Amino acid sequence: MKKRIVCLVLGLVMMFSQTMSVFATTEQQLKQQKSQAQSQLNATNDEIDNLSRKQMQVQAEINSMDADMVDLMIQIDATKEDIANTENSITETQNNITAKETDIAVKESDIQTKTGEIEQTKEELVQAEEDRDQQYEDMKKRIKYIYENGGDSAWVNMIFGTDSFTSMLNRAEYAQSMHDYDRKSLEKYREVVAQVTQLKETLETQKTELENQKAELENQKAELESQKSELENQKASLESQKNDLQYQQNSLQASIDQKKAANSDYASQIEAARQQAREITNLIAQQNAELNRLAEERRAEEARRAAAAAAAEAARQEAARRQQAASQNSSNSSSSGSSTSSSSSSSSNKQETVKPSGVSGAAIVAYADQFVGNPYVWGGNSLTNGIDCSHFVYQVLKNCGVYSGGYVTSAGWRSQGRAVTGGISQAQAGDVICYSGHVAIYDGHGGIVEAKGSKWGITHDRSATHTTILAIRRFI
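Computed from a predicted structure; not experimentally measured.

A. Geometry of the side chain of asparagine 399. Secondary-structure assignment places asparagine 399 in helix H6 (residues 389-399). For asparagine 399, a relative accessible area of 6% gives the class buried. Looking at asparagine 399, its side chain comes within polar contact range of the side chain of tyrosine 367, at 2.7 Å.

B. Focus on the sheet that holds strand E7 (residues 457-463). Taken in spatial order, the 6 strands of this open sheet run E3-E8-E4-E5-E6-E7, and their pairing is antiparallel. Both edges of this open sheet fall to strand E3 (418-419) and E7, since each of them pairs with a single strand only. Note: strand E5 (residues 438-442) against strand E6 (residues 447-453), 2 bridges, orientation antiparallel. From the neighbouring strand, isoleucine 441 faces E6, where its bridge partner is valine 449. Set on the sheet, helix H5 (residues 361-369) makes contact with E5, E6 and E7; between it and E5 the angle comes to about 120°.

C. Representation of the confidence of the model for the chain in the model. Summing up the model confidence of the chain, the mean pLDDT is 82 and the portion of residues at 70 or higher is 77%. Predicted confidence is poor over residues 1-22, with pLDDT under 50, and the contacts of this stretch with residues over four places away or in other chains come to 15 contacts. Low pLDDT, under 50, characterises residues 334-357; the stretch is placed with 10 contacts to residues that sit more than four places away or in other chains.

D. Spotlight on the nonpolar core. In terms of nonpolar packing, the biggest core is built from 30 residues, with Ile364, Phe392, Val396, Leu397, Trp413, Val432 and Ile441 touching the most fellow members. Elements that contribute at least two residues to this core include exactly H5, H6, strand E4 (432-435), E5 and E6. Among the elements that take part in this core, H6 stands out by supplying 6 residues, more than any other. Counting residues in each nonpolar core, the second largest holds 12 residues, with Ala37, Ile270, Ala273 and Ile280 among its members.

E. Structural view of the packing of H5 against H6. Here H5 crosses H6 at 125°, and the two axes come no closer than 10 Å. In terms of their interaxial angle, H5 and H6 are classed as oblique. Crossing handedness for the pair H5 and H6: right-handed. In this structure, H5 uses Ile364, Tyr367 and Ala368 to contact H6, whose residues at the interface are Phe392, Gln395, Val396, Leu397 and Asn399. Its residues placed into classes, the contact of H5 with H6 shows 6 nonpolar, 2 polar and no charged.

Here is what the cut-offs are and how they apply
Residues numbered from 1 in each chain as written. Predicted model: local features only at pLDDT ≥ 70, side-chain atom pairs only at ≥ 80, totals over all residues. Heavy atoms only, no water. Helix = DSSP H or I, 4+ residues; strand = E, 2+ residues; numbered from the N terminus. Buried < 20%, exposed > 50% of the residue type's maximum accessible area, 1.4 Å probe, protein only. Polar contact = N/O pair within 3.5 Å; in protein donor to acceptor, adjacent residues only side chain to side chain. Pairing = 2+ DSSP bridges. Contact = heavy atoms within 4.5 Å. Axes fitted to C-alpha atoms, helices over the stretch in contact; angles between N-to-C directions. pLDDT = per-residue confidence, 0-100. Core = buried A, V, L, I, M, F, W, Y, C linked by side-chain atoms within 4.5 Å. Parallel < 35°, antiparallel > 145°, perpendicular 65-115°, else oblique. Left-handed = near helix turned anticlockwise from the far one by under 90°. Nonpolar A, V, L, I, M, F, W, Y, C, P; charged D, E, K, R; others polar.

Here you go:
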């Protein structure tokens, strides 16, 4: 019996050794592939960072160029407005020049008119002066005649040297008429001469004023011509400035288009690199999942191996114990039947109280601690990819070889294993702590390892007495 057990144990150990060797080879290959993939991912991420920096630099240059473009457009619009204002000023100045030319032409016409009037007045003045002189000469002759013929007596002789009174009256009346005529003629010609002289002076004054006005208009016209010339020079300068600004705008637009093309190229490269990074990340995730699966299988195999070794050791110890008991029974064969019966009964009772196990509670806790940090998934059954509280206890105990039953809920664990009475003070490492709607593994030091919840995952950070304990069950 002992040899058969030992052979069985050796066979199991060899099988487990071969299995672990296969796991080690597969894991090593996967780790090497994962390392290569991670290196490639790091290189791809570095390339993405490098391309992103270049893209950001190009984008900053584009933003700066866009700002410069806005400034140029503002300057061009301002220059165009200045050109339009200058053109309006030129047009206005030209209109003023035309108006001044019209005013000058009017003044020249007025001056010609006044000149003709002055010439006409000069002729009239000459004629009036001639008439005045002729009248003056005629009067001098009559006065001379009267004076030479006796002065006032001549008038008396002329009047009274008649043969009738009627004739005398007629002569007296004629003399008086001649005297009045001479006086009136003299006053009339004197007035005509004065009027003609005054008219000449007035026309001369008006002509002088017109000529002054014409000169002033010509000065204003000259100033407007100068102003127009300055405005035209200003317009030409603004046109040149506008052309320079438009050239700068075209050059800047070409640079912006070039930078945008580079930016688009960087974006395409970044997207391609990100796609590659996503593919590598997915590959690494798959490799991690496979590694976790293999690690979980390896740990399960190790737990089964340890359990098998412990079972073999327990079997060996049990065989030795039985051999020793058999030797003791043969040496005590001469004893009384009651002593033999008592001895046999005692041996039988001792055998029933032995509960062999190759897995310690600390080993169960250590195995459970390997999965701390992995995710919680309600209804999940994977120690690496997601699991809930009851499946966590089930997988840990099963993989450690201390539980061979089927899956049970958190409430179902209250009836599994052996009950531990006396509360938490009697609990040991590896015991299962049952709560309302929850179950965990006791660490032997007041804490628990558990699949805590979707927010926390698998944890080892709570006290076993954080809430009411409904049951404590033992499987070792």
